[in-house]
Amino acid sequence: MSKKLAAEFFGTFWLVFGGCGAAVLAAGFPHLGIGFAGVALAFGLTVVTMAYAVGGISGGHFNPAISFGLAIAGRFSWAELIPYWVAQVVGGAAGAGVLYLIASGQPGFVAGGFASNGYGDLSPGHYSLLACLICEVTLTAGFLLVILGATSKFAPAGFAPLAIGLALTLIHLVSIPVTNTSVNPARSTAAALFAQTDALGQLWLFWVAPLLGGAIGALIWKYLLEPQTTQSLEAEGH
């Protein structure tokens, strides 16, 4: 268990440091920033790289909503859920802390939003709470479907991290203007801890929506999409 938790810690550290780091340090760099597309790709790359690095140890969740959805789908032990959540949140906070130390080394640095998530006035596009809720639930549910499908024994072997990382990139391309993209409570918590806004006051949404989305995605997979094995088909008389 200790190695699994260490893997989740470092994986979530990398996700927050790399993804939020791209947003804080590089997205709007004077005259030649990487923009939304670059940040989206950075988040995708953090998952691809760490999934290959430590996914074989812990499963490579790096996200409380993913762990929750996998437990509902029967792919993860409920007994491990809370320890995974703790490792993910602490790892994410550590990643944001290191990022803050680097970013604050620039003259005139102001943390501002610090790549945090938000709705209403804290939404990049000032989207409503309801719009942000629907966006986060829908995208997290879709993310779970990709993860469950890509890691199914019926999927091509070895390609799951690529599919999952590309899915996270796509999710960011869609939702950065809406919520600054969460789909991950640990990532949202980490950024909110250092933001100089009311991000902590809005953090509840970025726990509720991803967890709800993860549950919905898991249930859709489990009851509507999961391929049946030969044994289960025979049991049903097919």
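Before reading on, note that the structure itself is shown above.
Residues numbered from 1 in each chain as written. Predicted model: local features only at pLDDT ≥ 70, side-chain atom pairs only at ≥ 80, totals over all residues. Heavy atoms only, no water.

(A) The arrangement of the packing of helix H2 (residues 35–58) against helix H6 (residues 160–179) in detail. With their axes 8 Å apart at the nearest point, H2 and H6 run at an angle of 155° to one another. In terms of axis orientation, H2 runs roughly antiparallel to H6. As H2 runs across H6, the sense of the crossing is right-handed. Residue-level contacts link Phe 36, Ala 37, Val 39, Ala 40, Leu 41, Phe 43, Gly 44, Val 47, Val 48, Ala 51 and Tyr 52 of H2 to Pro 161, Leu 162, Ile 164, Gly 165, Leu 168, Thr 169, His 172, Leu 173, Ile 176 and Pro 177 of H6. When its residues are assigned to classes, the contact of H2 with H6 shows 17 nonpolar, 4 polar and no charged. (Axes fitted to C-alpha atoms, helices over the stretch in contact; angles between N-to-C directions. Helix = DSSP H or I, 4+ residues; strand = E, 2+ residues; numbered from the N terminus. Parallel < 35°, antiparallel > 145°, perpendicular 65-115°, else oblique. Left-handed = near helix turned anticlockwise from the far one by under 90°. Contact = heavy atoms within 4.5 Å. Nonpolar A, V, L, I, M, F, W, Y, C, P; charged D, E, K, R; others polar.)

(B) Focus on helix H5 (residues 129–150). Compared with the 32 Å implied by 1.5 Å per residue over 22 residues, the 31 Å span of H5 between its first and last C-alpha is a close match. Buried within H5 we find Cys 132, Cys 135, Glu 136, Val 137, Leu 139, Thr 140, Ala 141, Phe 143, Leu 144, Ile 147, Leu 148 and Ala 150. Buried residues along H5 sit against helix H3 (64–72), H6 and helix H8 (205–225). (Expected span 1.5 Å × (residues − 1). Buried < 20%, exposed > 50% of the residue type's maximum accessible area, 1.4 Å probe, protein only.)

(C) Looking closely at a nonpolar patch on the surface. A cluster of nonpolar residues, Leu 219, Tyr 223, Leu 224 and Leu 225, forms a patch on the protein surface that exposes about 470 Å² of accessible area. Here Tyr 223 is to be found in helix H8. (Patch = residues over 30% accessible without salt bridge, like charges linked within 9 Å, V, L, I, M, F, W, Y side chains within 5 Å. Areas by Shrake-Rupley, 256 points an atom, 1.4 Å probe, with all protein chains shown as cover. Salt bridge = Lys/Arg side-chain N within 4 Å of Asp/Glu carboxyl O.)

(D) Focus on the packing of aromatic side chains. All told, the structure shown has 11 aromatic pairs when counted by the stated rule. Measuring from ring centre to ring centre gives 5.8 Å for Trp 85 and Trp 207, while their planes differ by 70°; the resulting arrangement is edge-to-face. Here Trp 85 is found in helix H4 (residues 81–103), whereas its partner Trp 207 is found in helix H8, with 122 residues between them in sequence. Relative accessible area serves as the criterion here: at 21%, Trp 207 is assigned to the partly exposed category. By way of ring pairs, the aromatic residues Phe 68, Trp 78, Trp 85 and Trp 207 are connected into one cluster. (Phe/Tyr/Trp six-rings, centres within 6.5 Å; stacked < 30°, edge-to-face > 60°.)

(E) Up close: the state of the cysteines. Applying the stated rule across the entire model yields 0 disulfides. Of all cysteine sulfurs, the one in Cys 135 lies closest to Cys 132, which takes part in no disulfide; the gap is 7.0 Å. (Disulfide = S-S within 2.5 Å.)

(F) Looking closely at unusual backbone geometry. Positive phi outside glycine occurs at His 126, with the angle close to 60°. A relative accessible area of 56% means that His 126 is categorised as exposed. Backbone geometry at Val 183 places phi at a positive 50°, although glycine is not the residue there. Inspection of the secondary structure assignment puts Val 183 in the loop between H6 and helix H7 (185–194).

(G) Highlighting the pattern of salt bridges. Within this structure, the stated rule accounts for 1 salt bridge. With its nearest N and O atoms 3.2 Å apart, the salt bridge here joins Lys 4 to Glu 80. Here Glu 80 lies in the loop between H3 and H4 and Lys 4 lies in helix H1 (residues 2–26), a separation of 76 residues in the sequence. For Lys 4, a relative accessible area of 30% translates into the label partly exposed.

(H) Structural context of H7. Among the 10 residues in H7, 8 count as buried, and that is most of the element. Those residues of H7 that fall on the buried side of the exposure criterion are Pro 185, Ala 186, Arg 187, Ser 188, Thr 189, Ala 190, Ala 191 and Ala 192. Here the buried face of H7 lies against H1, H2, H3, H4 and H8. The backbone nitrogen of Ala 186 has a side-chain oxygen 3.0 Å away, supplied by the residue at the start of H7, namely Asn 184. (Polar contact = N/O pair within 3.5 Å; in protein donor to acceptor, adjacent residues only side chain to side chain.)

(I) Looking closely at the environment of Val 48. Within the secondary structure, Val 48 sits in helix H2. Between the C-alpha atoms of Val 48 and Leu 148, which are 100 residues apart in sequence, the distance is 16 Å. Contacts of Val 48, omitting those with residues within four sequence positions, involve Pro 161, Leu 162 and Gly 165.

(J) Broad picture of the packing of H1 against H4. For the pair H1 and H4, interaxial distance at closest approach is 7 Å and the crossing angle is 35°. In the packing of H1 onto H4, the handedness of the crossing is right-handed. Looking at the contact of H1 with H4 residue by residue, the classes come out as 18 nonpolar, 6 polar and 2 charged.

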